[in-house]
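# Summary of the model geometry
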Amino acid sequence: MIADVLKCIAFPGSVLLKFSLSMPLPLFVVFLLINFPLNSSKVSKIVFPWFQDVEANNRKVEVYDKNSCSFRETKWKNLRVGDLVKVYKDEYFPSDILLLSSSYEDGVCYVETMNLDGETNLKLKHALDVTSSLRDAGSLKEFRAVIKCEDPNEHLYSFIGTLYNDCQQYPLSPQQILLRDSKLKNTDYIYGVVIFTGHDTKVMQNATDPPSKRTKTERRMDKIIYVLFSALMLVSFTGSLFFGIETKRDISGGNYRRWYLRPDRTTVFYDPRRASLAAFFHFLTGLMLYGYLIPISLYVSIEIVKVLQSIFINQDQAMYDEETDRPAQARTSNLNEELGQVHTILSDKTGTLTCNSMEFVKCSIAGTAYGRGLTEVEVALAKRRGERMTEPLSIDTVDSGKSVKGFNFRDERIMNGRWVKEPHSDDIQKFFRVLATCHTAVPEVTESGDIIYEAESPDELAFVIAAREVGFQFFKRTHTSLKLHELDPFSGEIVDRVYKLLHVLEFSSARKRMSVIVRSPENKLLLLAKGADSVIFERLSKHGRLFEAQTKEHIENYSEAGLRTLAVAYRELGDDEFRIWEHEFMKAKTSVTADRDVLVDELADRIERDLILLGATAVEDKLQNGVPDCIDKLARARIGIWVLTGDKKGTAINIGYACSLLRRGMKQIVITLESPEIEAVEKHEDKEAIAKASFESVKRQIHEGKSQVAREQSTEFGLIIDGKSLTYALDKNLVHNFMDLAVVCATVICCRSSPKQKAIVTRMVKSVTGRTTLAIGDGANDVGMLQEADIGVGISGVEGMQAVMASDFSIAQFRFLERLLLVHGHWCYRRIAMMICYFFYKNITFGFTLFWFEAHASFSGQPAYNDWYMSCYNVFFTSLPVITLGVFDQDVSARLCLKYPLLYQEGVQNILFKWVRILGWMFNGVLSSIIIFFFSTNSITGQAFRQDGQVADYSVLGVTMYTCVVWTVNCQMALSINYFTWIQHLFIWGSIALWYIFLMVYGSIPPTLSTTAYKVFVEACAPSLLYWLTTLLVVISALLPLFSYRAFQIRFRPMEHDKIQRRRSEGLEDDGRRRRLSESSETRNSSELPSEIRIRINSLKGSPRRKNS
């Protein structure tokens, strides 16, 4: 900035014109103005939110007018607390609203909260009974109430308040609250009263500024600018020092040494009597003269290049997902090169590695396992162990008739009503009745008459669909009832059964279970429950454990197969017991104290006891296509991969094998607190003793792991740690030891990790390693992790767009990460690094020719070139080629980038942007400037230059040197480019041609404007053979050092891409040969596997191969 300010200052007597020196600054501003709309990073952070705010504030909503007793339209920004509003189907809620009533008689409505938590499933909300009858403007007119509630806060899932009406108190819960930015679905309209508006709403309370992310390249570039600025100061100081010495010597004892400069008649800028002051002003002149060492236009060029790189990422058809119709999207352009330097990937599992599309595949009922076929994880386990599976086919290859999404269950003993012939048919009936009633799903009838469901989770949706397919179809829900079509086991007919819904004890991460209390058509009070096996088993009654041992064994087998399991149980309640419990439960719910939720949970826990076990469910979340191959390719690129999942340890390990996170020959280091010693301490229930023992256990296991790694340095390790152990491993006294162990492992799997732990682990990996981290996830629980990482990649999957909105890049499938990093990341890093180094080279080459000339001219401050030459250097004659380098250059093709993943390490190790390489380019610039100046001056001065015998003057020397500079830096660009297109040829040779065109056009302007450039090319340089020979000699000489260095490097110390280029040039990368070798290799490998496993593997590989072809 100092250089920019000085360029706008004119000093009397300076040989430089203010106009010409300030010219680059307006051009820089123009470039910024042109580039700003293209820069997605700045737009997304500044412009888009502003437009979104304006658009949201001006949306329309109907508000109740007390004067006319009717609803009228108003803007969102005009709403006030206490206003009555009417919101229609598919509209967003304008503020936080208390639900009064809806188009349904029982006052329920369905809400989509995708903008809040990223979930696309519908949430059921219901109004208080006292307000559910307010269904028109007349009844609203007569209604009077007072609402007292908590202060505005950021907690989305809690609300404490009370409604006072007719001297009665009615407790308010989150079930009556409709949050701003959620959407009304499957409900024609609702009436509500505004509670919080504007920045008091919960969604605004949760809003935080996204973290500012800068690449390591940018931070290093800042340091380079400091180096160049120091060089600028040093060069200017050197010039001013010698200028002051020479000026002071011009008057010595009354004698004038350089009399022709008239030192007796001069200004302060050249005054031998005040040489120090003159030297100071010369120092300021030097700052302006050598200001070209500071590459202001580099920032403009980089911004343009990054935007174009982002466009290419967005347009890459190889990262387009046809199924979801979603391409890859670079949501910011300032992290492109960081994609090529990723050292560690931290990934979510569900929805990221898997499809998050649950399918009901197996179940255990009354101690009997049902469900045929192999899962993907079982196939991988068989491959790892070399075993033959007893099942003849995989699940997907079993003939099942029609395909139903969410249901992949194959067993002839259960399907088509055959369950009635099973020995425990009564338990089977109860099991599927629990699945059909214990949920909050919403049925919806399509135009074709089919019933589809909206559920709060994919698991719940799979259960309801499974019950329907077996013969227990849930088809209608009201506020107080559930209606099912059931198969009567005695008559074989489909009958309608209505269950009166009394209470729903909802699922939470703390409870890990869900229950409903219903009254059956037989007038029995039933509590139906499903939840985590550890929670359900500890609540079983003595006579309800008949099938416990078999069910636990089946759950263990399902977990090993990578399936998600839940236990299913029930109990019959007595009327008196229920009546007493309900009284206390409703009293707790109507409490307005802060511990209301705790009281409700305690009462729910009291009733959820003495359960009878029915069985367990097993749903499969399938791996996305291409995940194992992608992870294998990333591992071969030596990128560390961490998976942060909420799964159990066994499930996580087996899925790790299925997706190639854990591989053959890789040894496991398992850190867990599931040991007899810890269990013995836990029985005493001494929290301090438990914490101390757990900490020491984790510390010991970490130490043992580090010792094992040190002993077996040639072995690849995988680290698995559970959630409890991770809590202690992240302790400030242990975290560095844990990270030392983790970073040397090829794979790290953190089981049972919470969203907060995900963010903490990401932060620690980033800070401890000091390397680039990339986090990838698909849900709202991954947002913290994405924002903590250097790069956040969102999967635009089925859990909404919250992760995508918080990310820097978005892709539709995990497998696209391979191409995003290994191809685009590698290219972008290489292009940006080469571009920056080249930019410094060309500016130093140009700037130091000015310095050598000034030294040649007694440090007078006289520039070597015409003012317009200098102004146009970075704008017209050298700017476009460097942009084409940053946009189009490829050291190797995309195919070879994927074939040789190790090439990616060039970016991870920052080979192309190390200080040695940067300083090498700078040294080459200084060397080129020396060759250009001294060869040019010694070639054309002191002898006849023109045919008429005239020697070269100042203007001819300036044109000759400038021509050599333009030719040298552009030819240097041509030597640096690995992949030529017609665009590069056009811009490189076009820039050189433009210089000659400029000389002729500018030289034809009258000398009052063109000054030293007038006719200098047409009349002096072009007709002179010496001019052309000098240009040829100087350019070849200036290119020779780098050319020689590269020739030596390629021959004796080749880089990874040099080796690949050499193989390609020698014809060793023939596509046809590659395909034949690949096919023969696959044939050999597949022949070594059992046939059923080979069929499964081929079916898994088939889809991605067809897409990639």
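The structure presented is a predicted model; accordingly, all values stated were derived computationally and were not measured.

Under the defined criterion, the tally for this structure stands at 45 aromatic pairs. Ring plane angle 85° and centroid distance 6.1 Å describe the contact between Phe 877 and Tyr 962, whose orientation is recorded as edge-to-face. Of this pair, Phe 877 sits in helix 28 (residues 867-877) while Tyr 962 is found in helix 33 (residues 954-976), placing the two residues 85 residues apart along the sequence. In this structure, Phe 877 and Tyr 962 share a single accessibility class: buried. Connected via pairs of aromatic rings, a cluster forms that spans Phe 846, Tyr 865, Tyr 869, Tyr 873, Phe 877, Tyr 962, Trp 995, Phe 998 and Tyr 1002. The lysine or arginine in question, Lys 86, covers the ring of Tyr 189, its NZ or CZ lying 4.7 Å from the ring centre. The residue whose ring lies beneath Lys 842 is Phe 839, and the NZ or CZ to ring-centre distance is 4.0 Å.

With antiparallel pairing, the 6 strands of this open sheet are ordered in space as 2-1-3-12-4-10. Each end of this open sheet is capped by a strand with a single partner; those strands are strand 2 (70-75) and strand 10 (177-178). In terms of strand pairing, strand 1 (residues 60-65) meets strand 2 through 6 bridges, oriented antiparallel. Its bridge partner being in strand 2, Val 61 is matched across the sheet by Thr 74.

This part covers the nonpolar core. If you look at the biggest cluster of nonpolar residues, it comprises 92 residues, and the most contacted ones within it are Phe 846, Tyr 865, Tyr 869, Tyr 962 and Trp 995. Here this core takes 18 residues from helix 27 (residues 816-856), the largest share from any one element. When residues no more than four places from it in sequence are discounted, the contact partners of Tyr 962 are Phe 846, Tyr 865, Tyr 869, Met 870, Cys 872, Tyr 873, Phe 877 and Trp 995. Counting 49 residues, the second-largest nonpolar core is a separate cluster that includes Ile 641, Ala 658, Leu 661 and Ile 795.

Another aspect to go through is the confidence of the model for the protein. Summing up the model confidence of the protein, the mean pLDDT is 82 and the portion of residues at 70 or higher is 85%. In this model, residues 1-48 is a region of pLDDT below 50 whose contacts with residues beyond four sequence positions or in other chains number 72 contacts. Under a pLDDT of 50 for its full length, residues 1075-1109 has, in the predicted model, 30 contacts with residues more than four places off or in other chains.

All told, the structure shown has 6 cavities of 30 Å³ or more when counted by the stated rule. Taken as a whole, the second largest cavity encloses approximately 70 Å³ of empty space. What lines the second largest cavity is simply Thr 354, Glu 376, Val 377, Ala 561, Gly 562, Glu 620, Asp 621, Lys 622, Leu 623, Ile 655 and Ala 658. Listing elements by their share of the lining of the second largest cavity, those giving two or more residues are helix 11 (376-385), strand 27 (612-623) and helix 19 (649-658). Take the lining of the second largest cavity: its biggest share by element is 4 residues, from strand 27. Residue classes in the lining of the second largest cavity are distributed as 5 nonpolar, 2 polar and 4 charged.

This part is about helix 9 (residues 275-289). Given 3.6 residues per helical turn, the α-helix brings residues three or four places apart onto the same face. Along its 15 residues, helix 9 runs 20 Å from first to last C-alpha, staying within 8% of the 21 Å computed at 1.5 Å per residue. Most of helix 9 sits out of view: 12 of its 15 residues are buried. Within the sequence span of helix 9, burial applies to Ala 275, Ala 278, Ala 279, Phe 281, His 282, Phe 283, Leu 284, Thr 285, Gly 286, Leu 287, Met 288 and Leu 289.

Attention shifts here to the pattern of salt bridges. Evaluated as defined, the whole model comprises 44 salt bridges. We note a salt bridge from Asp 411 to Arg 413, for which the minimum N-O separation is 2.8 Å. Residue Arg 413 is classed as partly exposed on the basis of its relative accessible area of 25%. For Glu 460, the salt bridge is made with Lys 530, and the minimal N-O distance between the two is 4.0 Å. Note that Glu 460 is positioned in helix 13 (residues 458-470) and Lys 530 in strand 25 (residues 525-531), a separation of 70 residues in sequence. Assessed through its relative accessible area of 7%, Lys 530 is described here as buried. Salt bridges sharing common partners tie together Arg 511, Arg 513, Glu 538, Arg 539, Asp 605, Glu 608 and Arg 609.

All right, on to helix 12 (residues 425-437) then. Its 13 residues place the ends of helix 12 18 Å apart at the C-alpha level, agreeing with the 18 Å of an ideal helix rising 1.5 Å per residue. With 10 of its 13 residues buried, helix 12 lies for the most part within the structure. Within helix 12, burial applies to Asp 427, Ile 428, Gln 429, Phe 431, Phe 432, Arg 433, Val 434, Leu 435, Ala 436 and Thr 437.

The next thing to look at is the pairing of strand 8 (residues 161-165). It is a general feature of regular strands that their side chains alternate between the two faces of the sheet. When you tally the buried positions in strand 8, you get 4 out of 5 residues, the bulk of the element. Pairing geometry for strand 7 (residues 146-149) and strand 8, over 4 bridges, is antiparallel. Residue pairing across strands places Ile 147 opposite Leu 163, the latter belonging to strand 8. Judged from the 5 bridges that link them, strand 8 and strand 9 (residues 168-172) form a sheet pairing that is antiparallel. Bridging across to strand 9, Gly 161 finds its partner in Leu 172. Where strand 8 folds back on strand 9, the antiparallel hairpin that results is connected by 2 residues, among which Asp 166 adopts a positive phi of roughly 55°.

Further remarks concern the sheet that holds strand 18 (residues 368-370). An order of 18-17-27-26-25-24-23-22-21 is seen for the 9 strands of this open sheet, with the pairing classed as antiparallel. A strand with exactly one partner marks an edge of an open sheet, and here the two such strands are strand 18 and strand 21 (472-477). In this sheet, neighbouring strand axes are inclined to one another by 30° on average, regardless of whether the strands run parallel or antiparallel. The sheet contact formed by strand 26 (residues 564-573) and strand 27 spans 7 bridges and is antiparallel. Looking at strand 27, one finds that Ala 569 is bridged to Leu 613. Running at roughly 50° to strand 17 (residues 354-365), helix 13 makes contact with strand 17, strand 21, strand 24 (513-519), strand 25, strand 26 and strand 27 of the sheet.

A few words now on a nonpolar patch on the surface. On the surface, a nonpolar cluster with roughly 510 Å² of combined accessible area is contributed by Phe 876, Leu 994, Ile 997, Met 1000, Val 1001 and Val 1018. Element by element, the count of residues in the nonpolar patch is highest for helix 34 (residues 982-1003), at 4 residues. Secondary-structure assignment places Ile 997 in helix 34.

Along the chain, Tyr 104 turns up in the loop between strand 4 (96-102) and strand 5 (108-112). As a C-alpha pair, Tyr 104 and Thr 478 span 374 residues in sequence and 8.8 Å in three-dimensional space. For Tyr 104, the contacting residues outside a window of four places in its chain are Tyr 110, Arg 135, Asn 186 and Thr 187.

Reading the values: the criteria
- Residues numbered from 1 in each chain as written.
- Predicted model: local features only at pLDDT ≥ 70, side-chain atom pairs only at ≥ 80, totals over all residues.
- Heavy atoms only, no water.
- Phe/Tyr/Trp six-rings, centres within 6.5 Å; stacked < 30°, edge-to-face > 60°.
- Helix = DSSP H or I, 4+ residues; strand = E, 2+ residues; numbered from the N terminus.
- Buried < 20%, exposed > 50% of the residue type's maximum accessible area, 1.4 Å probe, protein only.
- Lys NZ or Arg CZ within 6 Å of the ring centre and 35° of its normal.
- Pairing = 2+ DSSP bridges.
- Core = buried A, V, L, I, M, F, W, Y, C linked by side-chain atoms within 4.5 Å.
- Contact = heavy atoms within 4.5 Å.
- pLDDT = per-residue confidence, 0-100.
- 1 Å grid on protein atoms, 1.4 Å probe; cavity = no way out; pocket = protein on both sides within 12 Å on 5 of 7 lines; lining within 4 Å.
- Points joined across faces, edges and corners; volume = space filled by probe spheres on them.
- Nonpolar A, V, L, I, M, F, W, Y, C, P; charged D, E, K, R; others polar.
- Expected span 1.5 Å × (residues − 1).
- Salt bridge = Lys/Arg side-chain N within 4 Å of Asp/Glu carboxyl O.
- Axes fitted to C-alpha atoms, helices over the stretch in contact; angles between N-to-C directions.
- Patch = residues over 30% accessible without salt bridge, like charges linked within 9 Å, V, L, I, M, F, W, Y side chains within 5 Å.
- Areas by Shrake-Rupley, 256 points an atom, 1.4 Å probe, with all protein chains shown as cover.

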